Amino acid sequence: TGSVSIPTIESIHAMMPKKDWEVIDNDWAMHDLAKGAQEGDQYPYVLAARYGRIANLADFVRKGQMMNYEAYRAMYEGRNAYLFKPDTGILTWMSNPAQPSFVWQLYAYDLEPNSSLFAVKSASELVHIQMDEANDELQVINNLPHALSGYTAHVQVISGPGFRETIPPSGAPIGYHLDLWQDGVNKKIPVSGPADTAIDLGKVPLPRYLPPVYFVRLDLLDPQGKVVSRNLYWKPSPSQGSDLSPMQYMPVATLNGTISREDVDGRLRLKVTLTNPDKSMALMVHLQLRDKATNKRILPVFYSDNYIWIAHGESRTITISASSAALHGDEPLVVVDGWNVKVRPTDNGKCALAVNEDAQVSHYPATGLPMITAGLEGKGAPPY
């Protein structure tokens, strides 16, 4: 199975001339966003219908990463839900394309991963907590050869920040009946089950009234209280259909960060810790390694995780590994972007952290990214 899988904006800039960045034309078709098995010609319309009108290429990529994550996570979690009944495996077409492409990839032709890779990584955890988005059923997937015992699932429903009609105040947990929710905030479910099994936990208990968009947060803790799996779903209320466009009005979360460096056996190893002091959930937090002197990407590079989410008051740590030689003696720079994310710059003289300006929608004029590929005229309003 496979899908459209949008690369980073830097990969797109590198794979086509500047004259084609802000108009979907035949150059895009040459890179597989065209009519065919993947129905790439329809993708911009589907993307805009789900996440709102597209402002420019940076906005297309930002929204594309959200849809990448949704689609590729669903492929693997769908298989998980029917663990060995009858599904014994899944094959993704494909890991990466031989030429620059908008489709069928976990990482791009230039070896830079996009959100699809990390969606698959999350869904493929040996022990994984998930929700069936078709019916709100919760499951813990145990791929281990031994039973689970003494685990706890924490389930939290959170109002989508940025919506005036949301009560209680945006970003606050939505209360449910107190007999189901501890302190009206979340539910704790004991988890035990045999090896090689999808362990059913019942439905997510939703309140009667939902805001236009809400989050379902899942955390699985082992008997020692350590988080072994986490998941976050962004869901439209029933009245919204499949429309998630209100998410465009989420406030920006400006993260605090620290970064440290270690060079071992010719490998550069960076440790980045990001903390969210703001009320808004930081979504699809994306780190990218660059050479500070040239501002060029370092490739290939390995991230322990990426395209993560960070709730108010929480911190996440990501480790990064690359060849030290690729820096040519220069200082490494890690730039950060995301759905609604910025970061406060820091530089300790050995490594630095900064906002990825290239990925900011506001960094570019609003072009609407019109589609003029031959044969697509008259298929509806442009996707901006």
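Note that the coordinates shown come from a computational prediction; the quantities given were computed from them, not determined experimentally.

Novice: Looking at this structure, how should I read the overall build of the protein chain?
Specialist: For the protein chain, the count of helices and strands is five helices and 17 strands. The buried share among the 384 residues of the protein chain stands at 53%. Expressed as a percentage of contacts within the protein chain between residues at least 6 apart in sequence, the contacts between residues at least 24 apart total 67%. Carbon and sulfur atoms form 54% of the exposed surface of the protein chain, whose accessible area is close to 16700 Å².

Novice: Honestly, the packing of aromatic side chains in this entry has me stumped. Any pointers?
Specialist: Two aromatic rings are characterised by how far apart their centres lie and by the angle between their planes. Across all of its chains, the model carries six aromatic pairs by this definition. For the ring pair tyrosine 43 and phenylalanine 60, a centre distance of 6.0 Å and an interplane angle of 80 degrees mean the geometry is edge-to-face. One end of the pair, tyrosine 43, is in helix H3 (residues 43-51); the other, phenylalanine 60, is in helix H4 (residues 57-81), and 17 residues separate them in sequence. On the numbers, 6.2 Å between centres and 45 degrees between planes, the contact of tyrosine 69 with tryptophan 234 is tilted. Taken together, the positions of tyrosine 69 in helix H4 and tryptophan 234 in strand S7 (residues 227-236) put the pair 165 residues apart, joining distant regions of the chain. The pair formed by tyrosine 69 and tryptophan 234 is uniform in burial state, with each residue classed as buried. Linked through ring pairs, Trp28, Tyr43, Phe60 and Phe102 together constitute an aromatic cluster. Here the basic side chain of arginine 316 rests over the ring of tryptophan 309, its NZ or CZ set 5.8 Å away from the ring centre.

Novice: So what exactly am I meant to see when it comes to the pattern of salt bridges here?
Specialist: Charged atoms that come close allow side chains of opposite charge to pair. If you walk through the whole model with that rule in mind, you get 16 salt bridges. The partner of glutamate 314 in a salt bridge is arginine 217, and the shortest N-O contact between them spans 2.9 Å. Of this pair, glutamate 314 sits in the loop between strand S12 (308-310) and strand S13 (315-323) while arginine 217 sits in strand S6 (residues 213-221), and the two are 97 residues apart along the sequence. Members of the salt-bridge network, linked through shared partners, are Glu10, Arg290 and Asp358.

Novice: Hey, could you run me through the sheet that holds strand S4 (residues 186-193) in this one?
Specialist: Two orientations exist for strands paired in a sheet by backbone hydrogen bonds: parallel and antiparallel. Spatial ordering of the open sheet is given by S4-S3-S6-S7, a layout of four strands whose pairing is antiparallel. The open sheet has two edge strands with one neighbour each: S4 and S7. The mean angle between the axes of side-by-side strands here comes to 20 degrees, regardless of whether they run parallel or antiparallel. Pairing geometry for strand S3 (residues 148-159) and S4, over seven bridges, is antiparallel. Looking across to S4, one finds that valine 155 is bridged to lysine 187.

Novice: Help me out: how do you make sense of the confidence of the model for the protein chain in this one?
Specialist: Low pLDDT means the predicted atomic positions in that stretch should not be read closely. Residues with a pLDDT of 70 or more make up 90% of the protein chain, whose mean pLDDT is 88. Ignoring residues within four places in sequence, the model shows residues 162-185, a span with pLDDT below 50, making 52 contacts including any to other chains. Confidence over residues 375-382 falls short of pLDDT 50; this stretch has 11 contacts with residues more than four positions distant or in other chains.

Novice: How do you make sense of H4 when you look at a structure like this?
Specialist: In an α-helix, one turn spans 3.6 residues; hence positions three or four apart end up facing the same way. Over its 25 residues, H4 extends 35 Å from the first C-alpha to the last, a length consistent with the 36 Å expected when each residue adds 1.5 Å. The N-cap of H4, judged by a side-chain oxygen 3.3 Å from the amide nitrogen of alanine 58 a few residues on, is asparagine 56.

Novice: Is there a simple way to explain the environment of valine 272 in this structure?
Specialist: One can find valine 272 in strand S9 (residues 267-275). Each C-alpha atom, one on valine 272 and one on threonine 319, is 6.2 Å from the other, the two residues being 47 residues apart in sequence.

Novice: Even after reading the chapter, I still don't get H3, so can you show me in this structure?
Specialist: Of all the nine residues making up H3, seven are buried; the element is thus mostly covered by neighbouring parts of the structure. Taken together, the buried positions of H3 are occupied by Tyr43, Pro44, Tyr45, Leu47, Ala48, Arg50 and Tyr51. Along its buried surface, H3 packs onto H4 and S7. A positive backbone phi angle near 105 degrees is found at glycine 52, which sits one or two residues after H3.

Novice: Explanation requested: the nonpolar core in the structure shown.
Specialist: Nonpolar side chains in soluble globular proteins generally cluster together in the buried interior. In this structure, Phe60, Met247 and Leu283 are the most contacted members of the largest nonpolar core, which totals 79 residues. Counting residues in hydrophobic clusters, the runner-up holds 22 residues, among them Val191, Tyr214, Leu220 and Tyr233.

Novice: So what exactly am I meant to see when it comes to the side chain of serine 237 here?
Specialist: Note on placement: serine 237 falls in the loop between S7 and strand S8 (253-264). Engagement of the side chain of serine 237 in a polar contact is seen with the side chain of serine 239, the distance being 3.0 Å. When sequence neighbours within four positions are dropped, the list of residues in contact with serine 237 reads Leu210, Pro211, Pro212 and Tyr214.

What counts, and at which threshold
- Residues numbered from 1 in each chain as written.
- Predicted model: local features only at pLDDT ≥ 70, side-chain atom pairs only at ≥ 80, totals over all residues.
- Heavy atoms only, no water.
- Helix = DSSP H or I, 4+ residues; strand = E, 2+ residues; numbered from the N terminus.
- Buried < 20%, exposed > 50% of the residue type's maximum accessible area, 1.4 Å probe, protein only.
- Contact = heavy atoms within 4.5 Å.
- Areas by Shrake-Rupley, 256 points an atom, 1.4 Å probe, with all protein chains shown as cover.
- Phe/Tyr/Trp six-rings, centres within 6.5 Å; stacked < 30°, edge-to-face > 60°.
- Lys NZ or Arg CZ within 6 Å of the ring centre and 35° of its normal.
- Salt bridge = Lys/Arg side-chain N within 4 Å of Asp/Glu carboxyl O.
- Pairing = 2+ DSSP bridges.
- Axes fitted to C-alpha atoms, helices over the stretch in contact; angles between N-to-C directions.
- pLDDT = per-residue confidence, 0-100.
- Expected span 1.5 Å × (residues − 1).
- Polar contact = N/O pair within 3.5 Å; in protein donor to acceptor, adjacent residues only side chain to side chain.
- Core = buried A, V, L, I, M, F, W, Y, C linked by side-chain atoms within 4.5 Å.

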